[in-house]
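If you want the building blocks of each chain, they are given just below.
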Amino acid sequence: MTPKFSIFEILRSAVSALGRNWGRAALTSLSMVMGTASLVLVVVAGISGREYTLDQIRGIGSNLIYVYYEASEAASGITTLSDKLNFEDVRAIQGIHEGVRKAAPVVLDYDSVVIRGNPRVITLIGTTPDYQTVRSIKVLEGRFIDSEDERSRSKVCLATEQLFRK
């Protein structure tokens, strides 16, 4: 037969034990609060880190394929125009598979400019209107290069917010 204790007896005993060992009870309570808070912090950091990473992938595009030509001109000393990728290659890439919706050629160059007295190295990107779709670019102000600019060979420039940040 098990002994029966009243609820009041149990509470009185617990309060008495806490009173005798108040330091131990305070440290145990503090460690439980800190442990729970750190667990919540780790979970929140993990979730937000995951979302940040997914947003970065979505911004670039998770289904992009990069094709580029790279050759060592120093080895042969000779390079011809036919060795480079051209617009026919872009059209061929678009026609290879029905899953290829857009293809955009890109020429990169780097230059330095002075903005508000500060020298900055900038990236210059030469491309076609399809680049906006391929890279999921959202223009906050102004407009992106369009097919009319391409036909008339207009000199168009789009500056990003990072250009003017310091």
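Computed from a predicted model, the values in this text were never measured in an experiment. (Residues numbered from 1 in each chain as written. Predicted model: local features only at pLDDT ≥ 70, side-chain atom pairs only at ≥ 80, totals over all residues. Heavy atoms only, no water.)

**Student:** I tried to follow the overall build of the protein chain on my own but got confused; where do I start?
**Tutor:** Of the regular secondary structure elements, the protein chain holds seven helices and two strands. The proportion of buried residues among the 166 residues of the protein chain is 7%. Look at the contacts in the protein chain between residues 6 or more apart in sequence, and 32% of them connect residues 24 or more apart. A total of about 14,600 Å² of accessible surface is found on the protein chain, and carbon and sulfur atoms cover 60% of it. (Helix = DSSP H or I, 4+ residues; strand = E, 2+ residues; numbered from the N terminus. Buried < 20%, exposed > 50% of the residue type's maximum accessible area, 1.4 Å probe, protein only. Contact = heavy atoms within 4.5 Å. Areas by Shrake-Rupley, 256 points an atom, 1.4 Å probe, with all protein chains shown as cover.)

**Student:** Can you help me understand the pattern of salt bridges in this one?
**Tutor:** Note on pairing: side chains with opposite charge can pair once their charged atoms come close. Tallied over the entire structure, the rule returns seven salt bridges. A salt bridge links R50 to E51; its shortest N-O distance comes to 3.4 Å. For E51, a relative accessible area of 34% gives the class partly exposed. D149 serves as the salt-bridge partner of R143, at 2.6 Å between the closest nitrogen and oxygen. Under the relative-accessibility criterion, R143 is labelled partly exposed at 44%. If you follow the salt bridges from partner to partner, you end up with R143, D146 and D149 in one network. (Salt bridge = Lys/Arg side-chain N within 4 Å of Asp/Glu carboxyl O.)

**Student:** Which parts of the structure should I look at to understand the pairing of strand β1 (residues 107–115)?
**Tutor:** Working note: regular strand, side chains alternate between the two faces of the sheet. Two strands pair when backbone bridges link them, and β1 and strand β2 (residues 118–126) are joined in this way by nine bridges, in the antiparallel orientation. Note on β2: the bridge partner recorded for V113 is R120. Between β1 and β2, which follow one another and run antiparallel, lie two residues, and R116 among them has a positive phi close to 50°. (Pairing = 2+ DSSP bridges.)

**Student:** I keep staring at the environment of S112 and nothing clicks. Help me out?
**Tutor:** Tracing the sequence through the fold places S112 in strand β1. Along the chain, S112 and I122 lie 10 residues apart, while their C-alpha atoms are 5.9 Å from each other. Those residues in contact with S112 that sit more than four places away from it in its chain are R120 and V121.

**Student:** Would you mind going over the side chain of T128 with me for this structure?
**Tutor:** Relative to the helices and strands, T128 resides in the loop between β2 and α5 (130–134). Given the relative accessible area of 8%, T128 is considered buried. Contact partners of T128, with chain neighbours within four places excluded, come to F87, A104, P105, F144, I145 and E150.

**Student:** Would you mind going over the environment of E161 with me for this structure?
**Tutor:** Structurally, E161 can be placed in helix α7 (residues 161–164). By relative accessible area, E161 is classed as exposed at 52%.

**Student:** Where do I start with the side chain of D149 in this structure?
**Tutor:** Inspection of the secondary structure puts D149 in helix α6 (residues 147–152). The buried category is assigned to D149, whose relative accessible area is 7%. Setting aside residues no more than four positions away along its own chain, D149 makes contact with R143, F144, S154 and V156.

**Student:** Whenever I open this one, a nonpolar patch on the surface confuses me. Can you help?
**Tutor:** On the surface, a cluster of nonpolar side chains totalling about 600 Å² of accessible area is made up of F5, I7, F8, I10 and L11. Relative to the assigned elements, I10 resides in helix α1 (residues 7–20). For I10, a relative accessible area of 47% gives the class partly exposed. (Patch = residues over 30% accessible without salt bridge, like charges linked within 9 Å, V, L, I, M, F, W, Y side chains within 5 Å.)

**Student:** Explain unusual backbone geometry here, please?
**Tutor:** Non-glycine residue R116 carries a positive phi angle of around 50°. Relative to the helices and strands, R116 resides in the loop between β1 and β2. Taking the relative accessible area as the measure of exposure, R116 reaches 66% and is therefore exposed.

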